[in-house]
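So the chains spell out like this:
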Amino acid sequence: MSTTSARTPVLRQVRFADLTPAELYALIKLRVDTFVVEQNAAYAELDGRDQDADVVHLWHESGGEILSVARMMDDTFEGDAVGRIGRIATTPAARGQGLAAQLVQAAIDHFAPKPVVLAAQAHLDQYYARFGFVEQGKRFEEHGIPHVWMRRG
Amino acid sequence: MSRPQLRSATVADLTPTQLYAILRLRIDVFVVEQDCPYPELDGRDTEPSTVLVWHEDIDGTVVSTARFLTDIEGGQPVGRIGRIATAPVARGLGLAAELIRHGIAHFDGRPVVLGAQAHLEAYYGRFGFERSGPNYDEDGIPHLPMRRPAG
């Protein structure tokens, strides 16, 4: 009898103070490998916001390995109290499984019924539109990469 | 101003706040200031034999950092000092020199190696490091291998 043992990744949601050093290191490593190295942008990936009490770090892990990452935080947008999701990254090996989509949905659920905003890389506007995010205002450049604000709700 | 305090720990013994501050300083210096989009977190920090060292101000702000790795060369352990960075506000106080001397002491008589940015060859020479090979390019920045013999 054959078995398929591909483990389903576990989705974790943890505040900064409760992260182990190994978890924190792995989360930051994935972010740097993706946003700095892969996207060739020498920017200040660690902006200090990660440590704030309102921030929740979320990720998928499987067999001790982190496969995807994102962070959720409180924000204001055009005067409204909103939730914000950002720093969404997936390891190259784990792409195409819908892990990032699960993180986005988890954030929407986390903040409900508050609106959720994100600064999308502009080429992902259709991707986020699937979750109900709508473009807000003009596109802008951040670290050489075109972005656009998007809002849901 | 009281002199920043020298501290050291393995990654496993760091608080999230300390680890974040150390990595943030490294990214701000090696990625942003040196305009080099390279894999700053190479995975070696979490090796059990790796020690991170840093200076912190009275309010806990990390103002300098380095790491001590253990390499194996020909079956023998060799110390390696790297990721030496000082925050702009704390430069000129000799903090990096203190980290290097601490690293030499940490390795307790074993040889110590480092990959020096080429313009710092004379600086490391003051601590007994000598060139051990030709210059090489790392992420667009000229480097040279240096070695401080055992003893």
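Remember, it's a predicted structure, so these values are computed and weren't measured experimentally.

A. Structural detail: the overall build of chain B. Along the backbone of chain B there are three helices and eight strands. Start at the N end of chain B and walk to the C end: the helices and strands fall as β-α-β-β-β-α-β-α-β-β-β. Taking 151 residues into account, the globule formula puts the C-alpha radius of gyration at 15 Å, and chain B, at 15 Å, falls close to it. Principal-axis analysis of the C-alpha atoms gives chain B an extent of 40 × 30 × 30 Å. Across the 151 residues that make up chain B, the buried fraction comes to 46%.

B. Quick peek at the confidence of the model for chain A. Looking at chain A as a whole, the pLDDT averages 95, with 96% of positions reaching at least 70. Here residues 1-5 of chain A is a poorly scored stretch, pLDDT under 50, and it has zero contacts once near neighbours within four places are set aside; other chains count.

C. Focus on the nonpolar core. Within the largest apolar cluster, 38 residues are counted, with the highest numbers of intra-cluster contacts made by Ile28(A), Leu14(B) and Leu19(B). Every element with two or more residues in this core is listed here: helix H1 (21-38) and strand S3 (65-77) of chain A together with helix H1 (16-33) and strand S2 (51-56) of chain B. It is H1(B) that contributes the most residues to this core, nine residues altogether. Not counting residues within four places of it along the chain, the set of residues in contact with Leu14(B) comprises Pro21(A), Ala9(B), Leu19(B), Ile22(B), Leu52(B) and Trp54(B). Val56(A), Ala70(A), Ala101(A) and Val104(A) belong to the second-largest nonpolar core, a separate cluster that totals 22 residues.

D. Focus on the packing of aromatic side chains. All names here are of chain A. All chains considered together, the criterion is met by 10 aromatic pairs over all chains. Residues Tyr127 and Tyr128 carry aromatic rings whose centres are separated by 5.2 Å and whose planes lie at 80° to one another, so their mutual orientation is edge-to-face. Measuring from centroid to centroid gives 5.5 Å for Tyr127 and Phe131, while their planes differ by 70°, and the two rings are edge-to-face. Residue class for Phe131 comes out buried when judged on its relative accessible area of 12%. Aromatic ring contacts, followed pair by pair, group Tyr127, Tyr128, Phe131 and Phe133 into a single cluster.

E. Summary view of the pairing of strand S5 (residues 116-121) of chain A. All names here are of chain A. Across the six residues that make up S5, a large majority, five, are buried. Bridging between strand S4 (residues 80-90) and S5 involves two bridges; their strand directions are parallel. Across the sheet, Gly83 pairs through a bridge with Val116, a residue of S5. Note that the unit made of S4, helix H2 (residues 99-111) and S5 has a crossover that is right-handed. Here S5 pairs with strand S7 (residues 145-152) via six bridges, running antiparallel. In the strand pairing of S7, Val116 is matched with Arg152.

F. Examining the interface of chain A and chain B more closely. Contacts between chain A and chain B engage 24 residues on the former and 25 residues on the latter. Seen at the junction of chain A and chain B, the total is zero salt bridges. Between the two partners, chain A and chain B, sit seven residue pairs in polar contact (both at pLDDT 80 or more).

G. Examining H1(A) more closely. In this model, H1(A) (18 residues) spans 24 Å end to end at C-alpha, consistent with the 26 Å of a helix rising 1.5 Å per residue. Roughly 25° is the biggest bend found in H1(A), and it falls at Val32(A). Within H1(A), the full set of buried residues consists of Pro21(A), Glu23(A), Leu24(A), Tyr25(A), Leu27(A), Ile28(A), Leu30(A), Arg31(A), Val32(A), Thr34(A), Phe35(A) and Val36(A). At its buried positions, H1(A) is contacted by strand S1 (10-15), strand S2 (56-62), S3, S4 and S5 of chain A together with H1 of chain B. Count one or two residues on from H1(A) and you reach Asn40(A), which has phi positive near 55°.

H. Main features of the pattern of salt bridges. All names here are of chain A. Under the definition given, this model contains 31 salt bridges over all chains. Across the pair Glu45 and Arg31 runs a salt bridge, and its minimum N-O distance is 2.9 Å. Of the two residues, Glu45 sits in the loop between H1 and S2 while Arg31 sits in helix H1, which places them 14 residues apart along the sequence. There is no split in this pair, since Glu45 and Arg31 are both buried. Look at the salt bridges and you will find they share partners, linking Arg31, Glu45, Asp47, Asp50, Arg71 and Arg87 into a network.

I. View of the sheet that holds S7(A). Residue and element names in this part refer to chain A. Pairing within the open sheet is mixed, and its seven strands lie in the order S1-S2-S3-S4-S5-S7-S6. The open sheet has two edge strands with one neighbour each: S1 and strand S6 (134-142). Adjacent strand axes in the sheet meet at a mean angle of 25°, parallel and antiparallel pairs treated alike. Pairing analysis gives six bridges linking S6 to S7, with the strands arranged antiparallel.

J. Representation of the environment of Glu98(B) within the structure. With respect to the helices and strands, the residue Glu98(B) is situated in helix H2 (residues 95-106). Expressed as a C-alpha distance, the spacing of Glu98(B) and Thr46(B), which sit 52 residues apart in the sequence, is 23 Å.

How each quantity is defined
- Residues numbered from 1 in each chain as written.
- Chains lettered and ligands numbered in written order.
- Predicted model: local features only at pLDDT ≥ 70, side-chain atom pairs only at ≥ 80, totals over all residues.
- Heavy atoms only, no water.
- Helix = DSSP H or I, 4+ residues; strand = E, 2+ residues; numbered from the N terminus.
- Rg over C-alpha atoms; globule rule 2.2 N^0.38 Å.
- Buried < 20%, exposed > 50% of the residue type's maximum accessible area, 1.4 Å probe, protein only.
- pLDDT = per-residue confidence, 0-100.
- Contact = heavy atoms within 4.5 Å.
- Core = buried A, V, L, I, M, F, W, Y, C linked by side-chain atoms within 4.5 Å.
- Phe/Tyr/Trp six-rings, centres within 6.5 Å; stacked < 30°, edge-to-face > 60°.
- Pairing = 2+ DSSP bridges.
- Right-handed = clockwise from strand over helix to strand, strands pointing away.
- Salt bridge = Lys/Arg side-chain N within 4 Å of Asp/Glu carboxyl O.
- Polar contact = N/O pair within 3.5 Å; in protein donor to acceptor, adjacent residues only side chain to side chain.
- Expected span 1.5 Å × (residues − 1).
- Bend = angle between axes of the 7 residues up to and from the residue.
- Axes fitted to C-alpha atoms, helices over the stretch in contact; angles between N-to-C directions.

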